[in-house]
Each structure stands twice: as C-alpha cells, then as structure tokens.
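For reference, the chains in residue letters:
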Amino acid sequence: MRNLLRAFWGLVLLLSIFWIATGIVAPSDLMSDNDIMTDFKAQVADFEDRLNLDRIEGYSTPVFFVGSGLPMLLIAAFFFWRNNSGVRSRKAKAGAQTAAGAEGESAIPVPFPESTPAGETKPNVRALRRQTLLISALAFLAVFLLWNQREMEMLLYPLRLFVTFVHEAGHALAALISGGQVQGFTVHANGSGVAVTAGGNRALILPAGYLGAALFGSLLFLLSNRAPRSASGIAMALGVFLIGMTAIYGRSDASGLPVTLVIGIGFGLFILLVGAKAPRVINQLVLSILAVVTALEAVYDLWHLVGNAGIGRGDVLNDAAAFAQEITPLLPAAVIALLWAGIAVAMLGTAIYVGTIKPLRSEIKDVVNGQS
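Residues numbered from 1 in each chain as written. Predicted model: local features only at pLDDT ≥ 70, side-chain atom pairs only at ≥ 80, totals over all residues. Heavy atoms only, no water.

Peer 1: Even after reading the chapter, I still don't get the overall build of the protein chain, so can you show me in this structure?
Peer 2: A count of helical and extended segments in the protein chain gives 12 helices and 4 strands. Counting over 372 residues, the protein chain shows a buried share of 45%. Pairs at least 24 residues apart make up 71% of the contacts formed inside the protein chain by residues separated by at least 6 positions. Carbon and sulfur atoms make up 65% of the accessible area of the protein chain, which amounts to about 18,200 Å² in all. (Helix = DSSP H or I, 4+ residues; strand = E, 2+ residues; numbered from the N terminus. Buried < 20%, exposed > 50% of the residue type's maximum accessible area, 1.4 Å probe, protein only. Contact = heavy atoms within 4.5 Å. Areas by Shrake-Rupley, 256 points an atom, 1.4 Å probe, with all protein chains shown as cover.)

What follows is the structure in structure tokens.
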C-alpha cells in the first residue's frame, strides 16, 4: 500500500511541477500562439474574470499558477517523503530478517523473467510482477487523463515538446548511423521541429523521426516493465543521452529561443536526478509515462499525417511527403504515412504484449492455481 501511495504522490508532485512551470512560461513570449496555447490562455482569462482576480493588486497569471501549484507541490513532497521513508524502513526490516534466516517476504527482487531466478522465491517474483503491472496501469491512466482532460493540456505541452525532441534526435542518429553528418536540430515552441543533416542514407533518415520516436517509446516501456530493477540505471543513461545530444546538436530557433536546450537539458537533468535519487517505483513510473506518451504521440501524428499528407512547415515537406518524393515516387505520401503508422502500432503493440499482457497472464494463472 505504501508503494502505491508513494507512486501516487510522486505523480502529483510531477504534475505540480509541470503546472507551475507552465504557468510561468505560457504567458511569456517563449510560447507561440498555437491552438492549444490560445485555448489555454482564453480559459485562464475567463477564470480570472469570473473570480475578479485581475483586480487584485500585484496579481498576474504566473502568480496564480505558482500560488495554486506550490501548496499542492509541498503537500505532495511531504507525503511522498513520508511514504518513501516508510517503504525504506520496511525494506530494511525485511533485509534484516532475511539476513537472520527468517522466512517471509523480502525486498523486491531482481528483474523477473518467465521462470524464477536462482536464489529468488516465487512469492518475491510475483510481488515484483504485481507492482510492475500496477505502475504500468498508473502510467496509462496518467496519459489518458492528460490526453482527455482539457484542463490538463498545459501539462501535456512539455511532453509534446519532448516527443518532438525525440523525433528530431531520431533523424540525427539515423544520419550518423548511415555515415552522414548532423549540423543540428531544433524544437520550436509550437511543437514542430527540424533536423539539418548532410549525407547519409535518406531512406533511413526520413522515417527515423516518427518510427524512431515509436521505437524509443516502445523500447523504454518494454525495459521499464521487464527489467524493473534496472529502472534507475536506465533513467540515468537516458538522462546522460539527452543532455549529450542537446549539448552537441541542439540549436536555438531562428528567433533565438532556446526551446531545444530547455527541453533536452531540462528533461535530461530531471530524469538523471530521478534515476540517481528517487526509488525504483518512481523511476519505473516516470519512464513508463515518457514511454507511453512518446509512442502514442508518434502513432497519433502518423495517423494524422495519413489524412494530411501534404502538410509541412514553410517550404519544408513533411517526412512522409519527402520520402515519397525522394525514395518511392510511385507511392503517395498518404500510403507511406499509413505504412509507417502500421509499423509504429506493431512496435507499441509488441511492447505492451511482452511488457504487460504476458506478465498479466502469468498473474492470472497463479491466482487460478491458488498461489498468493
């Protein structure tokens, strides 16, 4: 129960941080007037008018977000710390009992395979499996709420920029792998992005944005679910990777806004800190949320591209249109986008099946066989 409460308050803590950060950044010139932000600003203005908040001396939108988000942040931080301390205390007692040769439950064991690892008991493997399934469910629930509650769209905005970062990093890595060069990549405040490469295999570089994001999300979800004890190491490796890619290839946009640097280094430092300091369940939850958001956004963007194959940014074609023009002139861009969408869905479906459905089937089998 404490693990569940710790995960819950950890999620509330993250949402509070995003709430405060969004309220500070949204009214500034760093944010372009896209549909999401225009609607968000209109809702905030309507809320201010109904409560007459704008008549308060010294009031501003950032003050409102900080003032409303800070109490929740402090409450979540307190209860997260309290439950984390309780879990650590319980694990310490369990470890002492194990050292003394006592029977019973111990700390959560090593990553669970299909069979019980040497030196581990089946109850411990089942405990880890159940906890991992619960964390996956929480991750999907969090993403569902972010996607379907308009009041929470401002919290989804930084995650959308993160997905764009992964998309452009995918182009860059594909260029490097295929022998090309990367001049840099940029994430724009409206959620679009561009990677500038030279040389390399265009047949690999062009699909590496959408499919790279889908592969990133699918692999991250699979690793966080099938190797839960390695969640901390995975998070730290990912944080270092994000910071490194940003430092080497991240570029500000044409107007000088450092959106790429803020997203890459910001998320990198946050994930690195979570990996180094946070307990395993929080690492799993953070990685699972990032994985689900990235993979689903990639699938959604590709599906949107199927019906809007001609869209682009200025004179720059979208990836599917560019692929159709340069690589497969006999296939229209909509067909290319549909094929990519099918591949992305297959990758995500495989990750969900191996990461959650197979363990869930094992859990159901154990329950049917009367194993607790």
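Peer 1: Can you walk me through the packing of aromatic side chains in this structure?
Peer 2: The description of two aromatic rings rests on the distance between their centres and on the angle between their planes. Under the criterion given, the structure shown has 5 aromatic pairs. Ring geometry for Phe140 against Phe221: centres 5.6 Å apart, planes inclined by 75 degrees, an arrangement best described as edge-to-face. Within this pair, whereas Phe140 is found in helix α4 (residues 122-148), its partner Phe221 is found in helix α7 (residues 210-226), the two being separated by 81 residues in sequence. A residue is classified by how much of its surface remains accessible, and Phe221, at 2% relative accessible area, is buried. (Phe/Tyr/Trp six-rings, centres within 6.5 Å; stacked < 30°, edge-to-face > 60°.)

Peer 1: What's the story with the pattern of salt bridges in this structure? I'm lost.
Peer 2: Should their charged atoms come close, side chains of opposite charge can pair. Taken as a whole and assessed by the stated rule, the structure comprises 2 salt bridges. Glu297 is the salt-bridge partner of Arg160, the closest N and O atoms lying 2.6 Å from each other. On the criterion of sequence distance, the pair formed by Arg160 in helix α5 (residues 153-177) and Glu297 in helix α10 (residues 280-307) is long-range, its members being 137 residues apart. Since its relative accessible area comes to 28%, Arg160 is described here as partly exposed. Across the pair Arg202 and Glu326 runs a salt bridge, and its minimum N-O distance is 3.0 Å. With Arg202 in helix α6 (residues 202-205) and Glu326 in helix α11 (residues 319-326), the pair connects residues that are 124 residues apart, well separated along the chain. Residue Arg202 is classed as partly exposed on the basis of its relative accessible area of 32%. (Salt bridge = Lys/Arg side-chain N within 4 Å of Asp/Glu carboxyl O.)

Peer 1: What exactly am I supposed to notice about the confidence of the model for the protein chain here?
Peer 2: Caution is warranted with low-pLDDT regions, since their predicted coordinates should not be read in detail. Per-residue confidence for the protein chain gives a mean pLDDT of 77; residues scoring 70 or more make up 68%. For the protein chain, strand β3 (residues 312-313) is the element with the lowest average pLDDT, namely 51, and α6 is the one with the highest, namely 92. Per-residue pLDDT stays below 50 along residues 101-119; that stretch engages in 45 contacts with residues further than four places along the chain or on separate chains. (pLDDT = per-residue confidence, 0-100.)

Peer 1: So what exactly am I meant to see when it comes to the environment of Val345 here?
Peer 2: As for its position among the elements, Val345 is in helix α12 (residues 333-368). In sequence terms Val345 and Leu296 are 49 residues apart; their C-alpha atoms lie 8.6 Å from each other.

Peer 1: Looking at this structure, how should I read the pairing of strand β1 (residues 181-187)?
Peer 2: As a general feature of sheets, a regular strand has side chains that alternate between the two faces. Among the 7 residues that make up β1, 5 are buried, leaving the element largely enclosed by the rest of the structure. In this antiparallel pair of consecutive strands, β1 and strand β2 (residues 193-198), the connection spans 5 residues, and Gly191 shows a positive phi of 95 degrees. (Pairing = 2+ DSSP bridges.)

Peer 1: Please explain the packing of α7 against α10 as it appears in this structure.
Peer 2: The packing of two helices is summarised by the inter-axis angle and the distance between the axes. Where α7 contacts α10, the two axes come as close as 8 Å, and the packing angle between them is 150 degrees. Relative to α10, α7 is oriented roughly antiparallel. Crossing handedness for the pair α7 and α10: left-handed. Residues Tyr210, Leu211, Ala213, Ala214, Phe216, Gly217, Ser218, Leu220, Phe221, Ser224 and Asn225 of α7 form the contact with α10, whose participating residues are Gln284, Leu287, Ser288, Leu290, Ala291, Val292, Thr294, Ala295, Ala298, Asp301, Leu302 and Leu305. Residue classes in the contact of α7 with α10 are distributed as 15 nonpolar, 7 polar and 1 charged. (Axes fitted to C-alpha atoms, helices over the stretch in contact; angles between N-to-C directions. Parallel < 35°, antiparallel > 145°, perpendicular 65-115°, else oblique. Left-handed = near helix turned anticlockwise from the far one by under 90°. Nonpolar A, V, L, I, M, F, W, Y, C, P; charged D, E, K, R; others polar.)

Peer 1: How do you make sense of helix α8 (residues 231-249) when you look at a structure like this?
Peer 2: For the α-helix, the turn length of 3.6 residues means that residues three or four positions removed from each other point alike. The terminal C-alpha atoms of α8 lie 26 Å apart, and with 19 residues this matches the ideal 27 Å at 1.5 Å per residue to within 8%. Of all the residues in α8, the buried ones are Ala231, Ile234, Ala235, Leu238, Gly239, Leu242, Met245, Thr246 and Tyr249. The buried residues of α8 occupy one face: seen down the axis, they fall within an arc of 145 degrees. Exposed positions of α8 whose direction lies more than 90 degrees from the buried face are Ala247 and Ile248. (Expected span 1.5 Å × (residues − 1). Arc of directions from axis to C-beta.)

Peer 1: Explanation requested: helix α9 (residues 259-277) in the structure shown.
Peer 2: For α9, which comprises 19 residues, the first-to-last C-alpha distance of 26 Å matches the rise-based estimate of 27 Å (1.5 Å per residue) to within 8%. The set of residues buried in α9 consists of Val259, Thr260, Ile263, Gly264, Phe267, Gly268, Ile271, Val274 and Gly275. What you see down the axis of α9 is that its buried residues fit within an arc of 140 degrees, all on one side. Within α9, the exposed residues directed more than 90 degrees away from the buried face are Val262, Leu273 and Lys277.

Peer 1: Got a minute to help me understand the pairing of β2 in this structure?
Peer 2: Two strands pair when backbone bridges link them, and β1 and β2 are joined in this way by 6 bridges, in the antiparallel orientation. Bridge pairing in β2 links Val182 to Thr197.

Peer 1: When you look at the packing of α9 against α10 in this model, what are you seeing that I'm missing?
Peer 2: Relative to each other, α9 and α10 sit at 150 degrees, their axes nearing to 9 Å. The pairing of α9 with α10 is recorded here as roughly antiparallel in orientation. Here α9 runs over α10; the crossing is left-handed. Between α9 and α10, the residues in contact are Phe267, Phe270, Ile271, Val274 and Gly275 and Ile282, Asn283, Val286 and Leu290, respectively. When grouped by side-chain class, the residues that make up the contact of α9 with α10 number 7 nonpolar, 2 polar and no charged.

Peer 1: Teacher, can you tell me more about the environment of Pro207 here?
Peer 2: Among the structural elements, Pro207 can be located in the loop between α6 and α7. The exposure class assigned to Pro207 is buried, which follows from its relative accessible area of 10%. Sequence-wise, Pro207 and Ala320 are 113 residues apart; in three dimensions their C-alpha atoms are separated by 7.4 Å. If we skip the residues at most four places from it in the chain, Pro207 touches Arg202, Gly212, Phe323 and Trp340.

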